[in-house]
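# Notes for the structure review
So the chains spell out like this:
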Amino acid sequence: MQETDFFRDFPLLSEQEIKQKINFMLQGKPYNLQPEEALLEEIFVQQLYLEQTDTIPHFSCPKQTQEVIFIEKDFDTKVKQFSENDIFILKISSEEELKNIELLPLNKTYYVWLDFFVNNIQILNFNRFIFLFDPISKLTQTGNFYKNKIEDFTLWKALFKQSKVLLINTKVFADAGAINMQQVAYLFSILSDYLSEIELLEPHIVKVYALVGQQPNFSFDLAKLVAIRWVFSSIFKKYKNIDLQIFTQPSEYYFSNRISQKELNWIKYQWALQSAVLGHSDYVITSESVFYEMNQVEILNILKNFNKKEITNSLFLKHITKQIAQKSLLLWKDIQKGGGYLSLLKKHIIQKKIKEKHQKRKSIFQFYEEKTNVKNRIKTLIEPISPKTLDILYETEL
């Protein structure tokens, strides 16, 4: 049977004919009517992409996206539960937990996220574990440092001197309702603040681990990951020894608190994972949650199937990627002119901007319930950026 070449065997339509067909399908709606998510993201989406007029760098990850299991408690039990996995992030909240992880199985990679102040780094086993400490994100999410800025940064510098590793947790922004442009700009504003505290000397390779929250807005969040690499190469090209690695984790912002919606939450979770793999995230972080029933087999299938695919010729994706990158870069420059991320955070400008986008999203979408996921509110130095869940209503529920 002879194969059909759709680009040669059928007559080509003119731009005018294509527009006429689109207008017929729109049934009287404006031709340039924008999707709701595009309005929120401040992205202009064309109805028709006929040719590529802009050159956008192609960033591909030489290795396939790998899964990382995130664990907060019962480390030994859960590491054994996921015995086939080789990479784990362990969030540690006390020195007692720190001692317990020494008993974990060997021959695995453990990223140890220190979520408390370590008084003596001599107790840390740098030969076996990769230690992560992010005081700026702690201030962002809780409104307080672990102790205070001076002591936190002194500990941070000591840890960096040993490991040459930086963690920047920007998932807090996705969880609070920030749009993609903000998430990218805030990521590199925090990195700029960290780099201003240290002196990067060749030939040491500095690894920057960017923890990015993925929402189930497939195209926009896929484009965000490509934009991150593009903006990074633009801002930090003078630093030849910085290796950026992206860790993505599905954000719970669009999840529903209703028990009846657990299956839908799991579908949203899978959308976020798929966009992360296609967007060339180095790692995807998976974890158990009250919002869904985790299915490890389905996660492995997503990694297996989507690691084989690559989206290279989508003019739509390239178009929105460029807009996210350009707007992120401009916002980053404005933040630097304003004194940097920490300066604007203390003035509550960052908080205000994220709140504005969250409120705009609420005005665009109809929602069932909004919940702020904050426990035990205490007095803080600044207003924290709190994670939220916004349960969007679908047409079938209205």
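Summarised in this report is the structure supplied together with it. The structure presented is a predicted model; accordingly, all values stated were derived computationally and were not measured.

Let us now look at the pattern of salt bridges. Any two side chains of opposite charge can pair, given that their charged atoms come close. Throughout the structure, instances matching the rule amount to twelve salt bridges. With a closest N to O distance of 3.9 Å, Glu 151 and Lys 147 form a salt bridge. Taking relative accessible area as the criterion, Glu 151 reaches 34% and is therefore assigned partly exposed. Owing to a relative accessible area of 43%, Lys 147 belongs among the partly exposed residues under this scheme. A salt bridge links Lys 224 to Asp 221; its shortest N-O distance comes to 3.2 Å. With Lys 224 and Asp 221 both in helix α9 (residues 218-235), this residue pair falls three residues apart, about one helical turn. Judged on exposure class, the residue Lys 224 and its partner Asp 221 are both buried.

For helix α6 (residues 149-163), which comprises 15 residues, the first-to-last C-alpha distance of 21 Å matches the rise-based estimate of 21 Å (1.5 Å per residue) to within 8%. Taken residue by residue, α6 has Asp 152, Phe 153, Leu 155, Trp 156, Leu 159 and Phe 160 as its buried positions. Burial along α6 is one-sided: seen end-on, the buried residues are contained in an arc of 160°. Across from the buried face of α6, at angles greater than 90 degrees, the exposed residues are Ile 150, Lys 161 and Gln 162. Where α6 is buried, its residues meet β3 (109-114), α5 (135-142), β5 (165-169), α8 (180-195), β6 (206-214) and α13 (341-346). N-cap assignment for α6: the residue whose side-chain oxygen lies 3.2 Å from the backbone N of Ile 150 is Asn 148. With its phi angle positive at about 55°, Lys 164 sits one or two positions after the end of α6.

To continue, consider the packing of aromatic side chains. Per the stated rule, a full pass over the model turns up 26 aromatic pairs. Plain terms: the ring middles of Trp 156 and Tyr 194 are 4.6 Å apart, the flat faces sit at 15° to each other, and that makes the pair stacked. Of this pair, Trp 156 sits in helix α6 while Tyr 194 sits in helix α8; the two residues are 38 residues apart in sequence, bridging distant segments of the chain. Just as Trp 156 is buried, Tyr 194 falls in that class too. Seen from their ring centres, Phe 188 and Phe 236 are 5.8 Å apart, and the 50° between their planes marks the pair as tilted. Highlighted residues: Phe 188 in helix α8 and Phe 236 in the loop between α9 and β7 (242-250), separated in sequence by 48 residues. Like Phe 188, the residue Phe 236 is buried in the burial classification. The ring of Trp 113 is capped by Lys 91, whose NZ or CZ atom sits 4.5 Å from the centre of that ring. Sitting over the face of the ring of Phe 160, Lys 164 holds its NZ or CZ atom 5.8 Å from the ring centroid.

Scanning the entire structure with this criterion turns up two cavities of 30 Å³ or more. What the largest cavity holds in volume is close to 70 Å³. Lining the largest cavity are Ile 89, Trp 113, Leu 132, Leu 167, Tyr 209, Ala 210, Leu 211, Phe 247 and Ile 285. Looking at which element gives the most residues to the lining of the largest cavity, the answer is β6, with three residues. In terms of residue class, the lining of the largest cavity is built from nine nonpolar, no polar and no charged. Quantified by volume, the second largest cavity comes out at close to 50 Å³. Along its surface, the second largest cavity is lined by Phe 131, Leu 132, Phe 133, Trp 156, Leu 159, Phe 160, Ser 163, Val 165 and Leu 167. Those elements giving two or more residues to the lining of the second largest cavity turn out to be β4 (130-132), α6 and β5. With four residues, the top contributor of residues to the lining of the second largest cavity is α6.

Definitions and cut-offs
- Residues numbered from 1 in each chain as written.
- Predicted model: local features only at pLDDT ≥ 70, side-chain atom pairs only at ≥ 80, totals over all residues.
- Heavy atoms only, no water.
- Salt bridge = Lys/Arg side-chain N within 4 Å of Asp/Glu carboxyl O.
- Buried < 20%, exposed > 50% of the residue type's maximum accessible area, 1.4 Å probe, protein only.
- Helix = DSSP H or I, 4+ residues; strand = E, 2+ residues; numbered from the N terminus.
- Expected span 1.5 Å × (residues − 1).
- Arc of directions from axis to C-beta.
- Contact = heavy atoms within 4.5 Å.
- Polar contact = N/O pair within 3.5 Å; in protein donor to acceptor, adjacent residues only side chain to side chain.
- Phe/Tyr/Trp six-rings, centres within 6.5 Å; stacked < 30°, edge-to-face > 60°.
- Lys NZ or Arg CZ within 6 Å of the ring centre and 35° of its normal.
- 1 Å grid on protein atoms, 1.4 Å probe; cavity = no way out; pocket = protein on both sides within 12 Å on 5 of 7 lines; lining within 4 Å.
- Points joined across faces, edges and corners; volume = space filled by probe spheres on them.
- Nonpolar A, V, L, I, M, F, W, Y, C, P; charged D, E, K, R; others polar.

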